[in-house]
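Summary of the model geometry
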Amino acid sequence: MPKQRKNRPFSYYLFLSILTLIVILVVGITIGDYFIAEKNFEDNANLLKNETEHNVRENVKTIDNGLKMFDNTLNRQMEEAFEIFRQAYRDSGGDPASMDLAALKRQLGGKMDLYVINESGVVEYTTFPPDQGLDFKTTVPYFYDYLNEIRYADGVFNDRVVQEISTGNLRKFAYAPSYDHKYVLELGLAAESFKSQRNSLKYTDSIEATVSKNPLVKDFRIFTTSKRLVRNKSYIPDSELSAILDRAFSEQTDIVIDDPVNHTSLKYLYVDLRDPDYGADMSLVVELNYDNTFITDSVNQLVIFHLSVAVIALLAGLIMVVGISRYLTRPIQSISRDMDIIAKGNLDHPIAPVMGTEISALAGGIDRMVEELKGIIVQLQESQQNLSRSEERYRTVVQSQTEYITRFLPDGTITFANDAYCRAFGLDCENARGRKFRPNLPEEDKKLVAGYFSRLTPDHPVDFIEHRVIMPDGTVHWQQWSDRAIFDPEGHVTEYQSVGRDITEKKRIEEELLAFNEKLEQMVYERTSQLESANRELESFSYSVSHDLRSPLRAIDGYSTIILNEFGEALTPATQRYLSKIRENVRQMNRLIEDLLGFSRASRQELHIIDVDPEIIARDAYGELRQEWDGREVEFVAGPMPHCRADPMLLRLVYMNLLSNALKFTRPRSVAKIEVGSLPPEDDPVYYVKDNGVGFDMEYSHKIFGVFQRLHTDEQFEGTGVGLAIVQRIIQKHGGKIWVQSLQDKGTTFFFTLGGDQGNE
């Protein structure tokens, strides 16, 4: 016989069912609210961290721009000192060992130390003993590469104010190659010359002001690329921290290290301050120490609150169910029959009245149970709404506790104000709620603020404004406000929520930077005037070269010709050879003067940009060079090229020089092959001139565009070394660039672009 199911009272099943339903509802709502609230806490904390890190980066970059402007004001002083330093090196015959660097330092005013860096990147001679023997190749490899570029260049290369490697003290450095390119000469201006002015802008003050607004930040530190701790030159990081800093600087990335046991995390924030105009890398890594116990404590309090609500709800439901079940002690067959009829579809069938207080109590109890369940649900919903509003206000406070936060009605009645707002405007927070209050504004700002609030609409409920406020002590402060208007379903404003902060210091810094920029603009104007004067002197020099210097050359050539023609038979062969050599050198000197004048004209000539066809210009240029290829076997190919915008005369001069070079260096070939064309365009069209000439070693490619730089002797190939410098100057005036590829005995190809708004036609 199968085991029969144990029969229990109806009240038992009803009790169990209702209790189960209440448990499911309460537990479900509680768990759902908990996870939502926990997620909101974490999202708000991450939002606050991201805002702090963004502000740190922006403030550091703003300070660095100001420091860079100040550093540049010292460039002229360094350049003038280099004129004396380089002349002293030249007077020594290129032997720094014979130079009296100490006397030279005194001659420069005693504030600059002198350094002579050899080809291995080692400071071989210096007036600063701590840096004697400093090896850049080992200590700062990237800077060693930068020094090698300077060694083969010309001019003075100013650097930023940086920390010395040996002492950590601030110093302004500048570099220049020696005239024989054997050494790099370096000058270092001591910080005492500019420390007081430069200290007006500090990274630490700006970062400290930013992180102080974030309650999650326990501490911060700033590290330079040399892994020195700002404000503590003696600090040496341990191996673990050193590896982290190396990774952050090398990969140029942020690094986060979490400590779940202590509920903290370290954020190594990389701030990119690299500048292609300087050799020194001024980038920083800011270490932010976050304390996450604040979030953990808040979540724990929320758990306790939800558990309390759940227990109260369960006890209330249990008491209600027990009370109802006591009245359900009789069978309800009549109600069951009526319910069967109703279940079959007769929804209008009434439940017949029956005798017995239990049945009446059951019906009434069901009604009361339904109503009480509805009441419980309404209470839970109200509790959830109150909790959501509380979380919203709490989240707003957490996001920026030092900012002014208030909510007020359209008539100015305060409904909420945080401590920072009350302190700023001299209010009593306990009595401020329900009180009308509006900050005192200057007359010219009142209309601005009134118009600002009138622009808030349901489609545009949020906006930002900056205006002045007269504070309780009578001082005028600048403040920045973010306002949100809250509307009812009909579109009427019911309340405003405002978050503000004092930006008086920011405005002061902006005004100082503006004044500093105006001063720099005046300096630029003065330097421009000096350059214009120098250009006028250059034009005068060019005129002198073209007339005063060429006249003696024509006289030398003329008299040499007369002597050879009239007295040639009476001269010895050696004398005739000497006179011919004089005429040849005069012609070479005349060509050199012509090329120098051409280089000067190419530098100063104004551009007349029009649409041109490079193929036509290249073919015309090749035709004008007939005397260089006439009688030779030359295969010249000029393919179709995209049109461009350029000065046709200067572009013609580019092709004349490049084609003349190609014809000259293909003379040893039985068949010279020269090709003019363009590469498939990606952004700007790339044009090229290619030959199968003698080529050269690409190790010397950095010299090929320099004035008077030649890779072959006059006995091999004639020339002055100015043509390619003219080509480069013309390409640069067009905003383009030129480069070369070559193999010895395989040929050479010159590539160039013209910049600007180019494109196919």
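Residues numbered from 1 in each chain as written. Predicted model: local features only at pLDDT ≥ 70, side-chain atom pairs only at ≥ 80, totals over all residues. Heavy atoms only, no water.

**Points about the overall build of the chain**
Filter applied, for reference: Only runs of H or I of at least four residues qualify as helices and only runs of E of at least two qualify as strands under DSSP, and these elements are numbered from the N terminus. By the convention used here, residues are in contact when the closest approach between their heavy atoms is within 4.5 Å. Values of accessible area rely on a 1.4 Å probe in the Shrake-Rupley scheme; residue burial ignores everything except the protein chains shown.
Helix and strand counts for the chain stand at 20 helices and 21 strands. Once local pairs closer than 6 in sequence are excluded, the contacts in the chain between residues at least 24 apart make up 61%. A total of about 43,300 Å² of accessible surface is found on the chain, and carbon and sulfur atoms cover 53% of it.

**So, the state of the cysteines**
Note on terminology: disulfide describes a covalent bond linking the sulfur atoms of two cysteines. So the rule is basically this: Here, the term disulfide refers to a pair of cysteine sulfur atoms separated by no more than 2.5 Å. Think of it in three bands: residues with accessible area under 20% of the maximum for their type are buried, residues over 50% are exposed, and the middle band is partly exposed, with areas taken using a 1.4 Å probe on protein chains only.
Applying the stated criterion to the full structure yields one disulfide. There is a disulfide in this structure between Cys-422 and Cys-429, and the S-S distance comes to 2.1 Å. Every disulfide takes its handedness from the sign of the S-S torsion; for Cys-422 and Cys-429 that torsion is 120°, giving right-handed. Classification of Cys-429 by relative accessible area gives partly exposed; the value is 27%.

**So, helix H17 (residues 614-624)**
Rule in force here: The arc refers to the directions leading from the helix axis to the C-beta atoms. Here a polar contact means two N or O atoms within 3.5 Å. Within protein one must be a hydrogen donor candidate and the other an acceptor candidate, and residues neighboring in sequence count only if both atoms are side-chain atoms.
For H17, every residue scored as buried is listed here: Pro-614, Ile-617, Ala-618, Ala-621 and Tyr-622. Viewed end-on, H17 has its buried residues packed into an arc of 135°, placing them on one side of the element. Put simply, Asp-613 is the residue that caps the front of H17, since its side-chain oxygen is 3.1 Å from the backbone nitrogen of Glu-615.

**Focus: the sheet that holds strand S8 (residues 264-271)**
Strands belonging to one sheet form pairs held by backbone hydrogen bonds; the direction of such a pair is parallel or antiparallel. In plain terms, the rule: The rule for pairing is simple: two strands pair if DSSP sees at least two bridges between them. Comment: axis = line fitted to C-alpha atoms, over the contacting stretch for helices; angle = value between 0 and 180 degrees taken between N-to-C directions.
The sheet built from four strands is open, its strands ordered S6-S9-S8-S7 with antiparallel pairing. The open sheet has two edge strands with one neighbour each: strand S6 (217-224) and strand S7 (255-259). Each strand axis lies, on average, 15° off the axis of its neighbour in the sheet, ignoring direction. Where S8 meets strand S9 (residues 284-291), eight bridges bridge the pair, whose relative direction is antiparallel. Each bridged residue has a counterpart across the sheet, and for Leu-269 the counterpart in S9 is Val-286. Contacts between helix H7 (residues 203-211) and the sheet are confined to S6 and S9, with S6 contributing the most and set at about 155° to the helix.

**Things to note about the packing of helix H19 (residues 648-665) against helix H20 (residues 723-733)**
The test is simple: The crossing is said to be left-handed when, going from far helix to near helix, the turn is anticlockwise and less than a right angle, and right-handed when the turn is clockwise. Residue polarity follows a fixed list, in which Ala, Val, Leu, Ile, Met, Phe, Trp, Tyr, Cys and Pro are nonpolar, Asp, Glu, Lys and Arg are charged, and the others, Gly among them, are polar.
Taken N-terminus to C-terminus, the directions of H19 and H20 make an angle of 145°; their axes are 9 Å apart at the nearest point. Relative to H20, the crossing made by H19 is left-handed. Residues Leu-650, Leu-653, Val-654, Asn-657, Leu-658 and Asn-661 of H19 form the contact with H20, whose own contacting residues are Gly-723, Leu-724, Ile-726, Val-727, Ile-730 and Ile-731. Residues belonging to the contact of H19 with H20 are distributed by class as follows: nine nonpolar, three polar and no charged.

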